[in-house]
Amino acid sequence: MTRRSCGALRAGDTGAAVELCGWVHRRRDHGGLIFVDLRDRDGLTQIVFNPQQDAFRNAERLRAEDVVRVQGTVRARPAGTENEKLATGSIELAVDSLEVLNRSLVPPFQINVDENVDEGLRLEYRYLDLRRPRMQRNLTIRHRIIKAMRDFFDSREFIEIETPLLIKGTPEGARDYLVPSRLYPGHFYALPQSPQILKQICMISGFGRYMQIARCLRDEDLRADRQPEFTQLDVEMSFSTQDEVLETMESCMRYVWKRVLERELPPFPHLRFAEVFERYGTDKPDLRFGLELVNVSDVFASTEFAVFKSAIEGGGTVVAVRYPGGAALSRRDFDTLTEHAKSVGAKGMVWISLGAEGIKSSAQRFVSEDDAREIAQRAGAERGDALLLFADARDAALAAAGKMRVEVARRSGLCRDDEFAFCWITEFPYLEIDAETGKPAPAHHPFTAPMEDEWDLVERDPLRMRAQHYDMVLNGYELGSGSIRIHKPERQRRIFEMLGMTQEEIEAQFGFFIRALEYGAPPHGGMALGIDRIAMLACGEENLHEVIAFPKTQTARDLMMDAPAPATEKQLRELHLRPQPRG
RNA sequence: GGCGCUGUAGCUCAGUUGGUUUAGAGCGCCGCCCUGUCACGGCGGAGGUCGUGGGUUCGAGCCCCAUCAGCGUCGCCA
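Everything quoted here is computed from the prediction, not taken from an experiment.

Rules of the game
For every chain, the first residue of the written sequence is number 1, and numbering continues from 1 along that sequence. Chains and ligands are labelled by the order in which they are written, letters from A for the one and numbers from 1 for the other. Where totals are concerned, whole chains, interfaces and linings use all residues; where local detail is concerned, this predicted model gives features only for residues with pLDDT of at least 70, and gives and counts side-chain atom pairs only at 80 or more. Side-chain measures were taken over the full set of non-hydrogen atoms in the model, leaving aside hydrogen atoms and water. In this text, helices come from DSSP runs of H or I with a minimum length of four residues, and strands from runs of E with a minimum of two, each type numbered from the N-terminal end. Here's how the labels work: a residue is buried when its accessible area is under 20% of the maximum for its type, exposed when over 50%, partly exposed in between, all with a 1.4 Å probe on protein chains only. Here, residues are in contact when the closest pair of their heavy atoms is within 4.5 Å. Residue burial considers only the protein chains on display, and all accessible areas are found by Shrake-Rupley using a 1.4 Å probe. In this charge count, Lys and Arg are treated as positive and Asp and Glu as negative; neither His nor the chain ends contribute. All charge positions are set by atom: Lys at NZ, Arg at CZ, Asp at CG, Glu at CD. Only residues whose relative accessible area exceeds 30% and that form no salt bridge enter a patch; like-charged residues are grouped when within 9 Å of one another, and nonpolar side chains (Val, Leu, Ile, Met, Phe, Trp, Tyr) when within 5 Å. The salt bridge criterion pairs a side-chain nitrogen of Lys or Arg with a carboxyl oxygen of Asp or Glu, the two atoms within 4 Å. Pairing of aromatic rings covers Phe, Tyr and the six-membered ring of Trp, with a centre-to-centre limit of 6.5 Å; geometry is then stacked below 30 degrees between planes, edge-to-face above 60, and tilted otherwise. To qualify as a nonpolar core, a set must consist of buried Ala, Val, Leu, Ile, Met, Phe, Trp, Tyr and Cys residues joined through side-chain atoms within 4.5 Å. Any two strands are treated as partners once DSSP identifies two or more bridges connecting them. Orientation is described by axes fitted as lines to C-alpha atoms, over the contacting stretch for helices, and by angles from 0 to 180 degrees between their N-to-C directions. Summary of the distance rule: residues count as near a molecule or strand when at least one heavy atom falls within 4 Å of that molecule or strand. Polar contact criterion, stated in full: a pair of N or O atoms within 3.5 Å, where within protein one must be able to donate a hydrogen and the other to accept it, and residues adjacent in sequence count only if both atoms are side-chain atoms. Note that Gly is not counted as nonpolar here; it falls among the polar residues with everything else outside the nonpolar set of Ala, Val, Leu, Ile, Met, Phe, Trp, Tyr, Cys and Pro and the charged set of Asp, Glu, Lys and Arg. By the definition adopted for this analysis, an angle is roughly parallel if under 35 degrees, roughly antiparallel if over 145, roughly perpendicular if from 65 to 115, and oblique otherwise. Two helices crossing with the near one rotated counterclockwise from the far one by less than a right angle form a left-handed crossing, whereas a clockwise rotation gives a right-handed crossing. Helix span, as expected, comes to 1.5 Å for every residue beyond the first. To get the bend at a given residue, fit one axis to the seven residues ending there, fit another to the seven starting there, and take the angle between those axes.

J.: Please provide a residue-by-residue account of the overall build of chain A, values included.
T.: Looking only at helices and strands, chain A features 16 helices and 23 strands. A principal-axis box enclosing the C-alpha atoms of chain A has dimensions of 90 × 75 × 55 Å. Within the span of chain A, comprising 583 residues, buried residues form 46% of the whole. Restricting to contacts in chain A with at least 6 residues of sequence separation, those with at least 24 account for 67%. Roughly 29300 Å² of accessible area belongs to chain A as shown, and the carbon and sulfur atoms make up 49% of that amount. Side-chain charges in chain A split into 78 positive and 91 negative, and the spacing between the mean points of these groups amounts to 4 Å.

J.: An account of a positive patch on the surface is requested, with residue identities and associated values reported.
T.: On the surface, R223, R226, K284 and K403 cluster together into a positively charged patch. Counting through the fold element by element, K403 comes out in helix 11 (residues 394–411).

J.: Can you tell me about the packing of aromatic side chains, naming the residues and giving the values?
T.: For the coordinates displayed, the defined rule picks out 19 aromatic pairs. Measuring from centroid to centroid gives 6.4 Å for W424 and Y470, while their planes differ by 80 degrees, and the two rings are edge-to-face. Of this pair, W424 sits in strand 18 (residues 422–426) while Y470 sits in strand 21 (residues 469–474), and the two are 46 residues apart along the sequence. In this pair, the class of W424 matches that of Y470, namely buried.

J.: How would you explain the nonpolar core if you had to name every residue and give the values?
T.: Residues L233, M249, W257, F422 and M472 are the most contacted members of the largest nonpolar core, which totals 54 residues. Here this core takes eight residues from helix 6 (residues 242–261), the largest share from any one element. Beyond its immediate stretch of four places on either side in the chain, M249 contacts F153, L233, V235, W424, M472, M527 and L529. In this structure, L329, L337, M404 and A409 belong to the second largest nonpolar core, which totals 24 residues.

J.: How would you explain a nonpolar patch on the surface if you had to name every residue and give the values?
T.: Where nonpolar side chains cluster on the molecular surface, the patch consists of L165, L166 and Y189 and spans about 270 Å² of accessible area. As for its position among the elements, Y189 is in strand 9 (residues 188–190). Overall, the relative accessible area of 34% leaves Y189 in the partly exposed class.

J.: Give a detailed account of unusual backbone geometry, specifying residues and quantitative values.
T.: Looking along the chain, the bond that leaves A563 and enters P564 is cis, with omega of 0 degrees. The phi dihedral of E157 falls on the positive side, at around 65 degrees, and the residue is not glycine. In the Ramachandran plot, E427 falls in the positive-phi region, its phi being about 60 degrees despite a non-glycine side chain. Looking at the secondary structure, you find E427 in the loop between strand 18 and strand 19 (431–433).

J.: Quick rundown of the sheet that holds strand 15 (residues 350–355)? Include the residues and the values.
T.: Strand pairs in the sheet, formed through backbone hydrogen bonds, run parallel or antiparallel to each other. Spatial strand order, 13-14-17-15-16: five strands in an open sheet with antiparallel pairing. Both edges of this open sheet fall to strand 13 (294–295) and strand 16 (358–361), since each of them pairs with a single strand only. Relative to strand 17 (residues 386–392), helix 10 (residues 369–379) is tilted by about 95 degrees, and along the sheet it contacts strand 13, strand 14 (317–323), strand 15, strand 16 and strand 17.

J.: Go over the protein's contact with RNA strand B with me, naming the residues and quoting the values.
T.: By nearness alone, 53 residues border RNA strand B, and R26, D29, T81, H444 and N543 come closest of all. Sugar plus phosphate: this is where 51% of the atoms of RNA strand B within 4 Å of the protein reside. Within the side chain of T553, one N or O atom sits 3.4 Å away from a phosphate oxygen of RNA strand B. Secondary-structure elements contributing two or more residues to the surface near RNA strand B are strand 2 (17–29), strand 3 (34–40) and helix 2 (119–124). Of the residues belonging to the surface near RNA strand B, the class tally is 13 nonpolar, 19 polar and 21 charged.

J.: Outline the pairing of strand 6 (residues 91–102), listing residues and values.
T.: The pairing of strand 4 (residues 43–49) with strand 6 spans two bridges and is classified as parallel. Its bridge partner lying in strand 6, I47 is registered against L93. Pairing of strand 5 (residues 67–76) with strand 6 involves ten bridges; the strand directions are antiparallel. Across the sheet, residue R75 finds its bridge partner in strand 6, namely E92.

J.: Can you break down the packing of helix 9 (residues 331–343) against helix 11 residue by residue, with the values?
T.: For the pair helix 9 and helix 11, interaxial distance at closest approach is 10 Å and the crossing angle is 140 degrees. With respect to their mutual orientation, helix 9 and helix 11 come out oblique. Between helix 9 and helix 11 the crossing geometry is right-handed. Here L337, H340 and A341 of helix 9 come into contact with helix 11, specifically with M404, E407 and R411.

J.: Let's hear about the sheet that holds strand 18: which residues, and what values?
T.: One open sheet accounts for eight strands, arranged 7-10-11-23-22-21-18-12; its pairing is mixed. Only two strands of the sheet have a single neighbouring strand rather than two, namely strand 7 (159–160) and strand 12 (270–272). In the sheet, strand 21 pairs with strand 22 (residues 477–484) via six bridges, with the strands oriented antiparallel. Bridged to V473 within strand 22 is E478. In this fold helix 4 (residues 133–155) packs onto strand 7, strand 10 (209–217) and strand 11 (229–238), with an angle of close to 150 degrees to the strand it touches most, strand 10. Against the sheet, helix 6 contacts strand 11, strand 12, strand 18, strand 21, strand 22 and strand 23 (524–530), and its axis sits at roughly 20 degrees relative to strand 21.

J.: Tell me about the side chain of E407, and please be specific about residues and values.
T.: Positionally, E407 belongs in helix 11. The exposure class assigned to E407 is buried, which follows from its relative accessible area of 10%. Those residues in contact with E407 that lie beyond four places of it in its chain are L337 and H340.

J.: Describe helix 14 (residues 503–517), naming the residues involved and giving the relevant values.
T.: Under the 1.5 Å per step criterion, the end-to-end length of helix 14 is only 16 Å for 15 residues, more than 12% shorter than the ideal 21 Å. A bend of about 80 degrees at F510 is the largest found in helix 14. Buried within helix 14 are the following residues: I506, F510, G511, F513, I514, A516 and L517. Of the surrounding elements, those touching the buried residues of helix 14 are helix 5 (196–204) and helix 13 (489–498).

Below, the structure written as structure tokens:
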């Protein structure tokens, strides 16, 4: 008598005496004959109870999600009763003995039906939600992805080093999660937003090639693709060029896709930041489809259309997006689309419809047929398509058009979840203007090295500096970013100074790190990729909830455990904390 | 913090312009019947403070205000 899984038995096992353990997925009680689909992580097996057996009486009382152990004999199903939908569908288990290991209450939602259940209910009863085939499959794929990553880096002689969770906050990033210190009143650990500094220190320590499947935490608002607690593939390499880091990470993804999804990935295209924003209105373009943005300001250079005229005279831009098949839309549809455009930041939207019975536009008086043809030609639009036009300051127009490009593609069915368009974005600006303060701030983190031949710009023209920084993008999602780091202490100091930090601030926040650089820090660089997002896309999902066992709600709560929860008076006393009323 | 969507039976949903007495359907649940089903089938049954609190009205599931929760999104996320 050997125990087998519920997905394992095949015709070749006929005659074998086996034991199965699992959950009652579904019971079909024919009165004189009872079928039960028994489920475990591996699949379903039909088990059969005959009234001649003692087990039959207990089988009549089985209900969904009861846990049982059964023993019996594998037999071929009678001819004509095989189930092609099941991997085990050619056999069944004739049960001799049944042991009910535990009963289940009637579940609040059905595990054996694939229907959309309220997200709050799923999360409150996550242990039941996780029993469903979709979540079992997704978490298994996630496991395989992580396993493949570890194997890949192991084969290249990286070693995994664990870095601590209780560390010191490094400001200028996202909001830190803080942990109060019991031993030092008023002092706090910060939970890592990433192991950035620690992995750089591992390079200084001579480990050469580091990787870690690292948990990271950021106390910012959530999105479908953003959780406060997430996992990243963290990598750092000494003596490596940017090209070597890119090759390593790209090879890793190619290996993962091959091993987990059995898919060959083509080489990832490289796009420069300046170019990608012009063409796609974003630094994380979805390259599963074309629909590149087209600058048509010159077409309207002498327009009397006030909206375009004022934008162009103010130094702005008119950007066009092609909408394949968009001529089929009604005016009402275009109105809805315009509202959507406004909600993603557009000032407004002008549409041109290239219908069979002629060209129509929401700005009919100001868009001549020749103009429409010219724009259509540049955007690659044909009869039956529509064109969407956005006028604003250059970056704003491009950004809005870029978001509408994705919306249009989505509506046109161009976003297939089984297509994977990776790319690299390179040559990012080193600084960007902070919208709030109006001051230059690092576009990424201050450990990033500028382009090697642009160090002289630090004093002369810092806004023109470009960074040795790179992003990996997949289907419009930023998977992660990396950079060649600064390894010379005096240069690191210069960057902090350029960012306006005083010597005291530098010492207090990063003194330990600059000191580390002073003891023979090797040149190094690396990258971090969001494993949750990778798993999400690999699974064809659109929300991180589907690939994280115990995710937080949009308001950062755990509905199953009901966290966060108030601390006891004693705990607060020990931590020297006194909660303030919300103000 | 802003905007939007959703909230009706255990689950998924329908519910017309504010007015069919008793708010419906499918699944699930409970009982009975059924020896080849696999979304088993047949018969019968139970199950609802319409998220919560106010308000408008002769009358509210439906309209208004507030609030809570879930989701999406903007801000934010070096």
